[in-house]
Structure formats: structure tokens, C-alpha cells
Amino acid sequence: QVQLVESGGGLVQAGGSLRLSCAASGSIFMVNVMAWYRQAPGKERELVADISNIGTTNYADSVKGRFTISRDNAKNTVYLQMDSLKLEDAAVYYCAAGTNFGVGFVPRFWGQGTQVTVSS
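In this convention, every chain numbers its residues from 1, walking through the sequence in written order. Local features are withheld for residues below a pLDDT of 70 in this predicted model, meaning they are given only at 70 or higher, and side-chain atom pairs are given and counted only at 80 or more; totals for whole chains, interfaces and linings count all residues. The basis for every side-chain value is the complete set of non-hydrogen atoms in the structure, without hydrogens or water.

A.B. asks: Kindly report on the sheet that holds strand 8 (residues 77–82), identifying the contributing residues and their values.
C.D. replies: Here, strands pair whenever DSSP counts at least two bridges between them. Going along the chain from the N terminus, every DSSP run of H or I of four or more residues is numbered as a helix, and every run of E of two or more is numbered as a strand. Ordered by their spatial adjacency, four strands build an open sheet running 1-3-8-7, and the pairing between neighbours is antiparallel. Single-partner strands in this sheet number two, and they are strand 1 (2–7) and strand 7 (67–72). In this sheet, neighbouring strand axes are inclined to one another by 15° on average, regardless of whether the strands run parallel or antiparallel. Note that strand 1 and strand 3 (residues 18–26) share six bridges and pair antiparallel. Its bridge partner lying in strand 3, Glu 6 is registered against Cys 22. The axes are straight lines fitted to the C-alpha atoms, using for helices just the contacting stretch, and the angles between their N-to-C directions are given from 0 to 180°.

A.B. asks: Summarise the side chain of Asp 89; cite the residues concerned and give the values.
C.D. replies: Checked against the element boundaries, Asp 89 lands in the loop between strand 8 and strand 9 (91–99). At 2.7 Å, the side chain of Asp 89 and the backbone nitrogen of Lys 86 are in polar contact. Each polar contact in these results corresponds to two N or O atoms within 3.5 Å; when the atoms are within protein, one needs to be able to donate a hydrogen and the other to accept it, and residues that are neighboring in sequence are counted only if both atoms are side-chain atoms.

A.B. asks: Run through the environment of Leu 47, naming residues and quoting values.
C.D. replies: With respect to the helices and strands, Leu 47 occurs in strand 5 (residues 46–52). Separated by 40 residues in sequence, Leu 47 and Leu 87 place their C-alpha atoms 18 Å apart. Note on contacts: a residue pair qualifies if any of its non-hydrogen atoms lie within 4.5 Å across the two residues. Once you skip the residues sitting within four places of it in the chain, Leu 47 turns out to touch Ala 35, Trp 36, Tyr 37, Asn 58 and Ala 60.

A.B. asks: Tell me about the pairing of strand 3, and name the residues and values.
C.D. replies: Moving residue by residue along a regular strand, the side chains alternate between the two faces of the sheet. Here strand 3 pairs with strand 8 via six bridges, running antiparallel. Within the sheet, the bridge partner assigned to Arg 19 lies in strand 8 and is Gln 81.

A.B. asks: Just give me the short version of the environment of Gly 26, but keep the residues and values in it.
C.D. replies: You can see Gly 26 is positioned in strand 3. For Gly 26 and Gln 1, which are 25 residues apart along the polypeptide, the C-alpha to C-alpha distance reads 6.0 Å.

A.B. asks: Hey, could you go over the state of the cysteines for me, with residue numbers and the actual values?
C.D. replies: Criterion for a disulfide: a pair of cysteine sulfur atoms within 2.5 Å. In the structure shown here, the tally under the stated rule is one disulfide. A sulfur-sulfur separation of 2.1 Å characterises the disulfide bridge that pairs Cys 22 with Cys 95. Here the disulfide of Cys 22 and Cys 95 is left-handed, its torsion about the S-S bond being about -80°. Taken together, the residues span a long stretch of sequence, with Cys 22 in strand 3 and Cys 95 in strand 9 at a distance of 73 residues. According to the relative accessible area criterion, Cys 22 is buried, its value standing at 0%. Note on exposure labels: buried denotes an accessible area under 20% of the residue type's maximum, exposed denotes more than 50%, and partly exposed covers the range between, all computed with a 1.4 Å probe on protein chains only. Looking at Cys 95, the relative accessible area reads 0%, which means it is buried.

Here it is, written out as C-alpha cells:
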């Protein structure tokens, strides 16, 4: 099993920035891709960004140029730097770990989620 613990959510004004962190522990060898998803009220959970174990990244069109995913393999931690936040970015953000980078990504483990609220 892999345990994922997110942190860094909160309230921010539109145009501001937040940095989310996700610390992984346990059987890390079971996964090689880390990802961030989000789910807004009344909407389906959507992939925001993912990153392979060698640092290849993939982003949803809605966040390209504003969000940056990165990872520190030595710390087993993945980050999501969110800049130029918009009202529509407000959601619960979930960290996920799995296999198969890109369109074939299969999330196997999930964090508990962290709330991001964007005010006008």
C-alpha cells in the first residue's frame, strides 16, 4: 500500500498562488506516476496534471501555463504550484499515485484531498 498526505490548500484571491504538497509513504515501488486531480461541487473528478518518475509532465488544457507539477524523489513528495488562480480552479484537490504515464494513467492510491477556495 501507498499512503498519500496532501497539504497546502486554503483560501486565496483570484490571481494569487498556492502550492500543494503530497507526501508519499509505504510501498513506493508499486507506483511510478504521481498526479493531481480535482473535483468541484457537482462535477466529475478531473486530472489536473501528472508526472512520471523521470519528470515528464502532462497538464489539463485548463491549467497549462498556470500550474506546475514537480516531484522530489528523494523526499517522495510531489508538488503542484498553482499561479494566476481563477474562480473556476476552486475544488478539492486530490493527490494520486499509480502507473502508466499519460492517457493510460491508472490511479491506484488516493490522498484524502485538500480544499482550494478562490475568492473574487
